[in-house]
Amino acid sequence: MAIDEKVRKTLPELGVTDAAGVEALFADVRIAITEERVALVSRGAASESERDKLCKDLRDRWLARKNGLLSFVDENWLKKSPKELKPFVGRYFNSLRQESAALEIAALAKDVSVQAQTSFAGETSAEHSASTTVSHITRKVPGDLTLPGNRQPLGSIHPVMQMQREIEEIFLNLGFRIESGPEIESTYYNFDALNIPESHPSRDDWDTLYIDSKTVLRTHTSPVQIRSMEKYGAPLHIIIPGKCYRHDSPDASHSPMFHQIEGLAIDSDITFADLKGTLDFFAKKLFGEKIRTRFQPSFFPFTEPSGEVSISCIFCGGEGCRVCKESGWIEVMGCGIVHPKVLRNGGIDPEKYTGWAFGLGIDRFAMMKYDINDIQLFFQSDVRFLRQF
Ligand SMILES: [Zn+2]
């Protein structure tokens, strides 16, 4: 008797009088569902839309509220069940309903046969008579090679990485080279060699993530300055992009992991004029010819003199707006002439060579360029955000 016919009869009409009979009957339903799913896979479809339709048809055949085969099971087997069999019928019907929920997502499933294996064969392990019958049907069916492939969405380059590459490009064209170094760094390279004394507040546990007393997650990309000086000596023209870590709670403008890029130029006769000229050129290349730069005195342990660089506001052109807090300027990076002690720590003679360095936050630049007001968006892997770039 075909399953369509069986579900339209009551248990007494089918001659089912005990629990074993109920079990066998539900096993028949499982087998029928599985067979139809497997047949669908083997049959294949000429297009995505045809496959979606076939999956939907199968789903409706079994699960449609009106005239779906399971609605007949409910009507004829469960509701009209003899009293003594009702608990068994109820139990089997419930688990069947749960399993057949897989049909709901069949249209989305990549390989229908895998679904059939996990949900149908797995469940029957307690029901020995049924599982032996089902297992030979839920064997792995080789996919139909003529089925249309599943389109894999094409990703794009992360906005922070796009920004990084854009900055790199400008300096590569100026003859700089890209250098990198370890993110787990010794306190020597991260602090001591950069003239940051033991007592400096940035070395505090509150600001730095320590692995042990001599090892940190680097708080800036500057340790690579020393490593590169040791490795190549002078002259040296490098940029150092990479991840840095600080003991910051995540909020709209802070992240415990962020991206920095810094530049270092060491040569004979390098002056502050070279630094200003290079950074002014860089800002114009990145944000447009109309951008002006402003240098103001500042302090960093590893440069002397040190400066903060501001650019004329890219949003209002210097007129004053909300972003630049009506000042017309946005502070974007720190810079300075490399401290003689730092050169010496890198094995370079400060009597013969001088150098300049700058450092900036790539995330902040990307936020500025793309007008993003929350740094967390970069790290949440939300496709709705990322696909805009
Ligand atoms: Zn402005």
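The following refers to the structure shown.

Definitions and cut-offs
In this convention, every chain numbers its residues from 1, walking through the sequence in written order. Per-residue local features of the predicted model are confined to residues with pLDDT of at least 70, and side-chain atom pairs are confined, for both listing and counting, to 80 or more; whole-chain, interface and lining totals are unaffected and use all residues. With hydrogens and water set aside, each side-chain value is computed from the structure's full complement of heavy atoms. Note on conventions: DSSP H or I runs of at least 4 residues are helices, E runs of at least 2 residues are strands, and numbering of each starts at the N terminus. Exposure categories follow from relative accessible area, calculated using a 1.4 Å probe and restricted to protein chains: below 20% of the type maximum is buried, above 50% is exposed, and the middle band is partly exposed. In what follows, a contact means two residues having at least one pair of non-hydrogen atoms within 4.5 Å. Axis definition: a line fit to C-alpha positions, over the contact stretch in the case of helices; interaxial angles, taken between N-to-C directions, run 0 to 180 degrees. Any angle that is under 35 degrees is reported as roughly parallel, and any over 145 degrees as roughly antiparallel; angles of 65 to 115 degrees are reported as roughly perpendicular and all others as oblique. The crossing is said to be left-handed when, going from far helix to near helix, the turn is anticlockwise and less than a right angle, and right-handed when the turn is clockwise. In this count, Pro and Cys sit with the nonpolar residues alongside Ala, Val, Leu, Ile, Met, Phe, Trp and Tyr, while Asp, Glu, Lys and Arg are called charged and the others, Gly among them, polar. Sites may look incomplete, because water is not among the atoms used; the donor set itself consists of N, O and S atoms within 2.8 Å of the metal (3.2 Å for Na, K and Ca). What makes two strands pair is DSSP finding at least two bridges between them. Here a polar contact is recorded for every N or O atom pair within 3.5 Å, except that within protein the pair must consist of a potential hydrogen donor and a potential acceptor, and residues adjacent in sequence are included only if both atoms are side-chain atoms. Helix span, as expected, comes to 1.5 Å for every residue beyond the first. The arc in question is the one traced by the directions running from the helix axis out to the C-beta atoms. Each salt bridge in this description consists of a side-chain nitrogen of Lys or Arg and a carboxyl oxygen of Asp or Glu lying within 4 Å of one another.

Check the secondary structure of the protein and you find 15 helices and 10 strands. Among the 389 residues that make up the protein, the fraction classed as buried is 46%. Long-range pairs, those at least 24 residues apart, make up 67% of the contacts in the protein between residues at least 6 apart in sequence.

Packing of helix H9 (residues 159-173) against helix H12 (residues 272-287) leaves a shortest axis separation of 10 Å and a crossing angle of 130°. Comparing their axes, H12 and H9 come out oblique. Here H9 and H12 pass one another in a crossing that is right-handed. Counted together, Met163, Glu166, Ile167, Ile170 and Phe171 of H9 and Thr278, Phe281, Phe282, Lys285 and Leu286 of H12 form the full contact between these two elements. Of the residues that constitute the contact of H9 with H12, the class distribution is seven nonpolar, one polar and two charged.

Any two of four tetrahedral donors ideally make an angle of 109.5 degrees at the metal, while pairs among six octahedral donors ideally make 90 or 180 degrees. Within the protein, the zinc ion binds to Cys313 (SG), Cys316 (SG), Cys321 (SG) and Cys324 (SG); these donor distances fall in the range 2.2 to 2.3 Å. When the donor residues of the zinc ion are listed from N- to C-terminus, their spacing reads C-x2-C-x4-C-x2-C.

Another aspect to go through is the environment of Glu198. If you trace the backbone, Glu198 turns up in the loop between helix H10 (187-190) and strand E3 (210-212). Using a relative accessible area of 66% as the deciding quantity, one classes Glu198 as exposed. Through-space distance from the C-alpha of Glu198 to that of Thr187 is 9.7 Å; in sequence the pair is 11 residues apart.

Moving on: the sheet that holds strand E10 (residues 354-361). The strand order across the open sheet formed by seven strands is E1-E5-E6-E10-E9-E8-E7, and the pairing between neighbours is mixed. The open sheet has two edge strands, strand E1 (177-178) and strand E7 (293-300), and neither has a second partner. Across 10 bridges, strand E5 (residues 236-245) lies against strand E6 (residues 257-267) in antiparallel orientation. Bridged to Leu236 within E6 is Ile266.

The next point concerns the side chain of Asn76. As for its position among the elements, Asn76 is in helix H5 (residues 69-79). Look at Asn76 and you get buried, because its relative accessible area is 8%. A polar contact is formed between the side chain of Asn76 and the side chain of Lys80, at a distance of 3.3 Å. Those residues within four positions of Asn76 in sequence are excluded, and the remaining contacts are Val7, Arg8, Lys9, Thr10 and Leu11.

If you walk across this open sheet you meet the three strands as E2-E4-E3, and the pairing is antiparallel. The two strands at the open ends of the sheet, each matched to only one other strand, are strand E2 (184-186) and E3. Each neighbouring strand pair of the sheet contributes to a mean axis angle of 35°, computed without reference to strand direction. As judged from the two bridges shared by E3 and strand E4 (residues 215-217), these two strands associate in the antiparallel manner. Across the sheet, the residue bridging to Tyr210 is Val216, located in E4.

A word on helix H4 (residues 48-63). When the terminal C-alpha atoms of H4 are compared, their 22 Å separation across 16 residues agrees well with the 22 Å that a helix rising 1.5 Å per residue should span. Among the residues of H4, Arg51, Leu54, Cys55, Leu58, Trp62 and Leu63 are the ones counted as buried. Take H4 and look down its axis: the buried residues cluster within an arc of 140°, on one side only. Structural note: H4 exposes Ser49 and Lys53 on the side pointing more than 90 degrees away from its buried face. On its buried face, H4 is in contact with helix H1 (3-6), helix H3 (19-43), H5 and helix H6 (86-100).

This model, assessed by the stated rule, comprises 17 salt bridges. A salt bridge links Arg384 to Asp382, with the shortest nitrogen-to-oxygen separation between them at 2.7 Å. Since its relative accessible area comes to 62%, Arg384 is described here as exposed. With relative accessibility at 23%, the residue Asp382 sits in the partly exposed group. Linked by salt bridges that have partners in common, Asp4, Glu36 and Arg61 make up one network.

In this structure, the amide linkage connecting Ala234 to the following residue, Pro235, adopts the cis form with an omega of -5°. Looking at where Pro235 falls in the secondary structure, it is placed in the loop between helix H11 (223-232) and E5. Glu304 connects to Pro305 through a cis peptide bond whose omega is -5°. Its place among the elements puts Pro305 in strand E8 (residues 303-312). The phi dihedral of Asn195 is positive, around 65°, even though this residue is not glycine. Within the element layout of this structure, Asn195 appears in the loop between H10 and E3. Phi at Glu326 takes a positive value of approximately 65°, unusual for a residue other than glycine. You can see Glu326 is positioned in the loop between E8 and strand E9 (329-338).

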